[in-house]
Amino acid sequence: MKKIELNKTVQIIDQANNILILGHINPDGDCVGSMAALSLGLQSVEKKITVWSDESLPLKYRFIKTDFEKPCQENIDSFDLIIVVDTAVETRIGAKLDFSHTQTPVLAIDHHIAVENNFTYIHTDQSYAATGCIIYDILKLLDIKITKAIAEAIYAAIITDTGCFAYSNTNYRTFEIALELLKTGINTSEITSIIYNSHSPEYIRILGAALNTLELISDGTGAIMYVSSEMIKRENLINFDTEDFVNYPRSIMSVKIACMITESPNSDTLRLSLRSKTQDLNVSKLAKLFNGGGHKCASGARIKEPLAEFIPRLKKELENFLKTEHNKLSK
Ligand SMILES: [Mn+2]
């Protein structure tokens, strides 16, 4: 693994002509927007681009213009470059492809904390609120025109990762890029409305069920909520995501750290989302206890453990974490 700077990243992309672009599992707005913006931009300078995600995209992101095409394992060597966006963790790549025998370099472009991995190159910069913003800078450095479609994709990436410019990762640069995107004539209220007001009735029902599981611990500073496979079956959900559920317990005044667990429909995996209201309570440390990672205020993990066993374990770890970390702050 070789960490590289922005200029080198741009140079590597510039020199490649046949590029495969991948994202991460549970594709979110930043992942989809980054994949789309990068592919549209590079196609406009006559590069051959293939974009792929094993998982179908959540409905709310389908307005982002991208054509998906499944690459064959046998053809992996035919690409000059493979780019993975919004993650630098190999097990989180959103396509089941084996890169271990290919000569094709794999480049990760991300804004999370870098972890040890087997990518050929990794460009990660935590000062960016979204990977979409890094993609914006890359396209600008390549002298690529930011079209309306590219701007829509990057704007979607920004608002999902900043909670519409509300989270603490939002900075001067985020607004600066957003302003440039606005100049292309994008309809920001429409994009926001599609992403936030396009829920199905089933989504609201499963949210109701999830809210009923809310439990507060450590004097109301910790909150845990979950969705079980049983609840998913009961509501007969097929295409759904619980990505933003964690914002509800997070919105409680006393809560410092909110946890949301989603059990997969076949009960074999748990997805844990962790949110902290303050950078001083670094939830990526908590995520690490479960082999996960992420940012100071937003982290997560995938856990192979029955839900009924994991909940008490999480409760204990969260209690300990709040006791040690929160006490440090109040001193
Ligand atoms: Mn992101």
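Residues numbered from 1 in each chain as written. Predicted model: local features only at pLDDT ≥ 70, side-chain atom pairs only at ≥ 80, totals over all residues.

A separate point is the overall build of the protein. For the protein, the helix and strand inventory stands at 11 helices and 12 strands. A compact globule built from 331 residues would reach a C-alpha radius of gyration of about 20 Å, and the protein, at 20 Å, matches this within 12%. For the protein, the C-alpha atoms occupy an extent of roughly 55 × 45 × 45 Å along the three principal directions. (Helix = DSSP H or I, 4+ residues; strand = E, 2+ residues; numbered from the N terminus. Rg over C-alpha atoms; globule rule 2.2 N^0.38 Å.)

Okay, the packing of helix 4 (residues 148-162) against helix 6 (residues 188-196) next. Close contact between helix 4 and helix 6 brings their axes to 10 Å; oriented N to C, the two are set at 55 degrees. The angle between helix 4 and helix 6 falls in the class oblique. Pair helix 4 / helix 6 crosses with right-handed handedness. Mapping the contact onto sequence places Glu152, Tyr155, Ala156, Ile159 and Thr160 in helix 4 and Thr188, Ile191, Thr192 and Ile195 in helix 6. Partitioned by chemical class, the residues of the contact of helix 4 with helix 6 number five nonpolar, three polar and one charged. (Axes fitted to C-alpha atoms, helices over the stretch in contact; angles between N-to-C directions. Parallel < 35°, antiparallel > 145°, perpendicular 65-115°, else oblique. Left-handed = near helix turned anticlockwise from the far one by under 90°. Contact = placed C-beta atoms within 7 Å. Nonpolar A, V, L, I, M, F, W, Y, C, P; charged D, E, K, R; others polar.)

Moving on, we come to the packing of helix 2 (residues 29-43) against helix 4. Contact pair helix 2 / helix 4: the axes reach a minimum separation of 8 Å and the direction vectors enclose 160 degrees. The angle between helix 2 and helix 4 places the two elements in the roughly antiparallel class. The crossing of helix 2 and helix 4 is left-handed. Residue-level inspection shows Gly29, Asp30, Gly33, Ser34, Ala36, Ala37, Leu40 and Gly41 of helix 2 in contact with helix 4, the latter providing Ala149, Ile150, Ala153, Ile154, Ala156, Ala157, Ile159, Thr160 and Asp161. Along the lines of polarity and charge, the residues of the contact of helix 2 with helix 4 split into 10 nonpolar, five polar and two charged.

Taken in spatial order, the six strands line up as 1-6-5-4-2-3 in an open sheet, and their pairing is parallel. A single partner strand is all that each edge strand has here, and the edge strands are strand 1 (2-3) and strand 3 (48-52). For strand 5 (residues 106-110) and strand 6 (residues 121-124), the ladder comprises four bridges, and the chain directions are parallel. What sits directly across from Asp110, in strand 6, is Thr124. (Pairing = 2+ DSSP bridges.)

Turning to unusual backbone geometry, a few remarks are in order. In this structure, Glu46 is a non-glycine residue whose phi angle is positive, near 65 degrees. Within the secondary structure, Glu46 is located in the loop between helix 2 and strand 3. Backbone geometry places Cys164, a non-glycine residue, at a positive phi of 55 degrees. Inspection of the secondary structure assignment puts Cys164 in the loop between helix 4 and helix 5 (172-182). Judged by local crowding, Cys164 falls into the partly exposed class, with 13 C-beta atoms found within 10 Å. (Buried ≥ 20, exposed ≤ 12 C-beta atoms within 10 Å, placed from the backbone.)

Another point: the nonpolar core. Ranked by internal contacts, the top residues of the largest apolar core, which has 58 residues, are Ile21, Ile83 and Ile154. No other element matches helix 4, which puts nine residues into this core. If sequence neighbours within four positions are ignored, Ile154 has contacts with Gly33, Ala37, Gly132, Ile135, Tyr136 and Leu181. One finds Met225, Cys259, Phe290 and Ala301 within the second-largest nonpolar core, a separate group that totals 31 residues. (Core = buried A, V, L, I, M, F, W, Y, C linked by C-beta atoms within 7 Å.)

Quick look at the domain arrangement of the protein now. The extent of an interface is frequently quoted as the accessible surface area lost upon association of the parts. In terms of domains, the protein is made up of domain 1 (2-196) and domain 2 (201-330). If you average the C-alpha positions of domain 1 and of domain 2, the two centres end up 27 Å apart. Across the contact, nine residues belong to domain 1 and nine residues belong to domain 2. (Domains from an automatic or database assignment.)

Now for the pairing of strand 12 (residues 298-303). Where burial is concerned, most of strand 12 is hidden: five out of the six residues are buried. With six bridges joining them, strand 10 (residues 270-276) and strand 12 adopt antiparallel strand pairing. In the sheet register, Arg271 faces strand 12, and the bridge partner there is Arg302. Pairing geometry for strand 11 (residues 293-294) and strand 12, over two bridges, is antiparallel. Within strand 12, the residue paired with Gly293 across the bridge is Gly300. What sits between strand 11 and strand 12 in their antiparallel hairpin is a turn of three residues.

Bringing the pairing of strand 5 into the picture now. Among the five residues that make up strand 5, five are buried, leaving the element largely enclosed by the rest of the structure. Residue alternation in strand 5 divides its side chains into two sets, Val106, Ala108 and Asp110 and Leu107 and Ile109, and both sets are buried. With four bridges joining them, strand 4 (residues 81-85) and strand 5 adopt parallel strand pairing. Bridging across to strand 5, Ile83 finds its partner in Leu107.

Before going further, it helps to examine the environment of Tyr248. Positionally, Tyr248 belongs in helix 9 (residues 247-250). Judged by local crowding, Tyr248 falls into the partly exposed class, with 17 C-beta atoms found within 10 Å. Here the alpha-carbon distance between Tyr248 and Ala210, two residues 38 residues apart in the chain, equals 10 Å.

Backbone hydrogen bonds are what pair the strands of a sheet, in a parallel or an antiparallel way. Taken in spatial order, the six strands of this open sheet run 7-8-9-10-12-11, and their pairing is mixed. Each edge of the sheet is formed by a strand with only one pairing partner; in this case those strands are strand 7 (215-217) and strand 11. Pairing analysis gives six bridges linking strand 8 (residues 222-227) to strand 9 (residues 257-263), with the strands arranged parallel. For Ala223, the partnering residue across the bridge sits in strand 9 and is Ala258.

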